[in-house]
Amino acid sequence: MKKVIQNLIMILCIVTFAFFGYKIHNYNKEEKEQEKLRDDLIESAIIKSGTESQVNDENQSSELPIEIDFNKLKSKNKDIVAWIYSEGTPINYPIAQSKDNDYYLRRLLDGTYNQNGTIFLDYRNNENFEDYNTIIYGHNMKNDAMFGTITNYEKQEYFNEHKNMYLFTENKNFKIEIFAGYTTSSENDIYNFPKSIETNKELIKTAKEKSTLKSDVEVNNDDKIITLSTCSYDFEDARYVLFGILKNIYIENLE
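Predicted model only: the values in this text are computed from it and were never measured. (Residues numbered from 1 in each chain as written. Predicted model: local features only at pLDDT ≥ 70, side-chain atom pairs only at ≥ 80, totals over all residues. Heavy atoms only, no water.)

(A) Main features of the overall build of the protein chain. Within the protein chain, the regular secondary structure consists of 4 helices and 12 strands. Each of the 255 residues in the protein chain was classed as buried or not, and the buried ones make up 45%. For the protein chain, contacts bridging at least 24 residues in sequence account for 61% of all contacts bridging at least 6. (Helix = DSSP H or I, 4+ residues; strand = E, 2+ residues; numbered from the N terminus. Buried < 20%, exposed > 50% of the residue type's maximum accessible area, 1.4 Å probe, protein only. Contact = heavy atoms within 4.5 Å.)

(B) Representation of the pattern of salt bridges within the structure. Evaluated as defined, the whole model comprises 3 salt bridges. Note that R124 is salt-bridged to D122, the shortest N-O span being 2.9 Å. What makes R124 partly exposed here is its relative accessible area of 41%. A salt bridge links K172 to E130, with the shortest nitrogen-to-oxygen separation between them at 3.0 Å. One end of the pair, K172, is in the loop between β9 (164–169) and β10 (173–185); the other, E130, is in the loop between β7 (120–121) and β8 (133–137), with 42 residues separating them in the sequence. (Salt bridge = Lys/Arg side-chain N within 4 Å of Asp/Glu carboxyl O.)

(C) Local environment of the packing of aromatic side chains. Here the structure, examined in full by the defined rule, presents 8 aromatic pairs. Seen from their ring centres, F179 and F243 are 6.2 Å apart, and the 40 degrees between their planes marks the pair as tilted. Taken together, the residues span a long stretch of sequence, with F179 in strand β10 and F243 in strand β12 (residues 238–251) at a distance of 64 residues. As far as the burial class goes, F179 and F243 line up, both buried. Taking the centre distance of 5.7 Å and the plane angle of 25 degrees together, the rings of Y182 and F243 count as stacked. Residue Y182 is located in strand β10, and its partner F243 is located in strand β12; the two are separated by 61 residues in the primary sequence. Given the relative accessible area of 3%, Y182 is considered buried. (Phe/Tyr/Trp six-rings, centres within 6.5 Å; stacked < 30°, edge-to-face > 60°.)

(D) Broad picture of the nonpolar core. Counting 35 residues, the largest nonpolar core has I68, L73, W83, F168, F179, I225 and F243 as the members making the most contacts within it. For this core, the element with the most residues is β12, which contributes 4 residues. With near-sequence residues (within four places) excluded, F243 lies in contact with E177, I178, F179, A180, G181, Y182, I190, L203, A207, I225, I226 and T227. F129, Y153, L213 and Y240 belong to the second-largest nonpolar core, a separate cluster that totals 29 residues. (Core = buried A, V, L, I, M, F, W, Y, C linked by side-chain atoms within 4.5 Å.)

In short, the description is geometric, and any link to function would need to be established separately.
If you want it as structure tokens, here you go:
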């Protein structure tokens, strides 16, 4: 009897080892598939920019870090509505939008199932980014892919080094000036979209009060807000949300 039990334990250990080995192999495989698809898009649709730009009505000019060929992106997948870029970080991804918030949660842009998913825009948002608050979702990956670096904004030092991001669309380009970030529940009211300046004012006020980072960005009640949302592991169904305001980038000859 003792030998039978020992054999059963050994078999169980082998099965368990094989199962976890398969899971790790599959995870690594999906990770590489996601990275390859992203890298192929970067190679075919991104141009290193030398184009001068101007943010809003300010007189200061600068070069755009990258330019996006949306014709090539749209030829790959018509669901692509934007591209998000953060210099010096892994964030350099297309953003898709579907008819719900489930489709791209576990799918790549080519439609294949993949745990890494795709960075996507909330289906309730307008793809022109004119809503009071636009929410973009991405997984918190252990290898820092997707939105795996967003939770780093809990540290002031990280924010100080990465205060801005860029958002590119087919018709407009934006600079994202980050002003707040904090950990919250997936059921928080921030996932209910502001319908007026007053509700937008409340969203901004709450974000500033709860923020884990300190920013000197001035935020007006009628500013268009961008919210980047990713999983946090502080408690069950926790999310880390990062807030920024969208500043139009005008491309023109500034000479």
